[in-house]
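Now for the letters of each chain:
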Amino acid sequence: MLHALQRAATVVVADYGRGLTANKELRAALAALAPRIPVVWDPHPAGTEPVPGVAVVTPNFAEARSMAGSLAAGKEPPAGQEPPAGQAASAPAGGRSADGAEQLASSLREGWRSKAVMVTMGSQGAILVQDDGAAPLPIPAPQTTVTDPCGAGDRLAASLAVHLFEGHTPDVAAVLAVREAASFLRNGGVSTMGAEPQPVKLHGHDTDALALARNVREAGGIVVATGGCFDLLHAGHARALATARSLGDCLVVCLNSDDSVRRIKGPERPIINQEDRTELLLALEFVDAVLVFDEDTPEACLNALRPDIWVKGGDYDVTELPETALVESWGGRCTTVPYHPARSTTDLAAALSRVS
């Protein structure tokens, strides 16, 4: 195990309270790895506390109360035993609520000296507290009918590790992990783990964007969407779309119709009609479907599509976008991808006019 850790790019520590995480050699190896690679620690009240510097610790609310009580008492419970009731009672006050979870997460993060603590609350979502001074992040959970919650914590920790390894920030990784854990439960949880995944139809003119999003979501995937006029495709568009697609399992482009473009850009636009713009977008391997909308803004389109991630270029501020509140209302996340200067449709059109 120690040898395998040295080759790891990310590590999940799933503590079941059996004493393994108390091993001194193992703890020393994990402590040395924590500053270099993502280490996600799924704790147990009868286990040992995480080593310092762990990327994210993921207790559920009950575990967080128990372990915060142990920290407040100045010692950990013995391996294989539940903490005494008096210790649990000394945990920070607060019921199973966002405020209570936030207080517990802050206390545990400081006590454990971890980079972040994420307290999960089942259908109420989770709270993420980081060491960067940012405000605690409440993460809503999608509405899900659960018949067997077994494995949800494992699915969450595994998703966090994968997304941190992929380079996502802890807040983005946490949002994705909550959605993936909910999808895991919605689709049957551990009872379906041996089943073959259902095929999802991707790409092509006959692809229904709404059906695609529904199929991908039901299969446990992440739906990514972006929007714009995409009049005269250029390298900046291609790079942004490729990056957006890398954030999930499908990419739907919400495309302004010809009438919408004229109202926004003026009577001389679009240069290319919506049918041709759709065809050009679908010719890109990283665009899975196109959804054309007639309004000036994409809110109605987004409400129908309900993507997990809404992507805009880096020249936008997501906090000022009118669609941000809408996307976050169903637990989605708005983010930006790098902006590539000196590449724009306006500049390209001006250059073409000089050679016509």
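Quick caveat: nothing in here was measured; it's all calculated off a predicted structure.

Visitor: Explain the overall build of the chain here, please?
Guide: When helices and strands are tallied, the chain shows 14 helices and 11 strands. Scored against the burial criterion, the 356 residues of the chain give a buried share of 47%. For the chain, contacts bridging at least 24 residues in sequence account for 65% of all contacts bridging at least 6. When the accessible surface of the chain is split by element, carbon and sulfur atoms take 53% of a total near 17,200 Å².

Visitor: Honestly, the side chain of Asp171 in this entry has me stumped. Any pointers?
Guide: Tracing the sequence through the fold places Asp171 in helix α7 (residues 170-186). There is a polar contact of 2.7 Å between the side chain of Asp171 and the side chain of Arg333. When neighbours within four sequence positions are excluded, Asp171 is seen to be in contact with Leu128, Gln130, Leu137 and Arg333.

Visitor: Help me understand the environment of Ser183 in this model?
Guide: In this structure, Ser183 sits in helix α7. The residues contacting Ser183, other than those within four sequence positions of it, are Arg217 and Gly220.

Visitor: Where do I start with the pairing of strand β9 (residues 289-293) in this structure?
Guide: Sheet faces and side chains relate simply in a regular strand, where the side chains alternate between the two faces. Counted residue by residue, β9 has four buried out of five residues, so it is predominantly covered. When strand β8 (residues 250-256) meets β9, the two strands line up parallel, connected through five bridges. For Cys254, the partnering residue across the bridge sits in β9 and is Leu291.

Visitor: Is there a simple way to explain the side chain of Thr324 in this structure?
Guide: Assignment of secondary structure puts Thr324 in helix α13 (residues 324-329). Taking the relative accessible area as the measure of exposure, Thr324 reaches 10% and is therefore buried. What Thr324 contacts, discounting residues up to four positions off in sequence, is Val318 and Cys334.

Visitor: Could you clarify how one ought to interpret the nonpolar core in this entry?
Guide: Judged by nonpolar contacts, the single largest core of 28 residues is most densely connected at Val11 and Leu30. Of all the elements in the fold, those that place two or more residues in this core are β1 (11-14), α2 (24-33), β2 (39-42), α3 (61-73), α5 (98-112), β4 (116-120) and β5 (126-130). Leave out the neighbours within four places in its chain, and Leu30 touches Leu5, Val11, Val13, Trp41 and Val51.

Visitor: What is the right way to read helix α9 (residues 235-245) from this model?
Guide: Quick reminder: α-helices carry 3.6 residues per turn. Residues three or four places apart thus point the same way. Here α9 has its buried residues at Gly236, His237, Leu241, Ala244 and Arg245. Across the axial projection of α9, the buried residues extend over an arc of 160°, all falling on one side.

Visitor: Quick question: what am I supposed to make of the confidence of the model for the chain here?
Guide: Do not read the predicted coordinates in detail wherever pLDDT is low. Confidence along the chain averages 83 in pLDDT terms, with 83% of residues attaining 70 or more. Low pLDDT (under 50) marks residues 197-202, which in the prediction has 14 contacts with non-local residues, meaning those over four places away or in another chain.

Visitor: It is not clear to me how unusual backbone geometry should be interpreted in this structure. Could you clarify?
Guide: Leave glycine aside and you will find that most residues have negative phi; peptide bonds, for their part, are mostly trans. In this structure, the amide linkage connecting Arg269 to the following residue, Pro270, adopts the cis form with an omega of 5°. Mapped onto the fold, Pro270 is located in the loop between α10 (258-265) and α11 (274-282). The phi angle at Phe230 is positive, at roughly 50°, despite the residue not being glycine. Take Phe230: it is sitting in the loop between β7 (223-228) and α9. Here Phe230 falls in the buried class, since its relative accessible area comes to 9%.

Visitor: What am I meant to see in helix α6 (residues 152-165) here?
Guide: The first and last C-alpha atoms of α6 sit 20 Å apart over 14 residues, in line with the 20 Å expected at 1.5 Å per residue. Every buried residue of α6 is listed here: Ala152, Leu156, Ala157, Ser159, Leu160, Ala161, His163 and Leu164. Looking at the buried residues of α6, the elements they touch are β1, β2, β3 (56-57), β4 and α7.

Reading the values: the criteria
Residues numbered from 1 in each chain as written. Predicted model: local features only at pLDDT ≥ 70, side-chain atom pairs only at ≥ 80, totals over all residues. Heavy atoms only, no water. Helix = DSSP H or I, 4+ residues; strand = E, 2+ residues; numbered from the N terminus. Buried < 20%, exposed > 50% of the residue type's maximum accessible area, 1.4 Å probe, protein only. Contact = heavy atoms within 4.5 Å. Areas by Shrake-Rupley, 256 points an atom, 1.4 Å probe, with all protein chains shown as cover. Polar contact = N/O pair within 3.5 Å; in protein donor to acceptor, adjacent residues only side chain to side chain. Pairing = 2+ DSSP bridges. Core = buried A, V, L, I, M, F, W, Y, C linked by side-chain atoms within 4.5 Å. Arc of directions from axis to C-beta. pLDDT = per-residue confidence, 0-100. Expected span 1.5 Å × (residues − 1).

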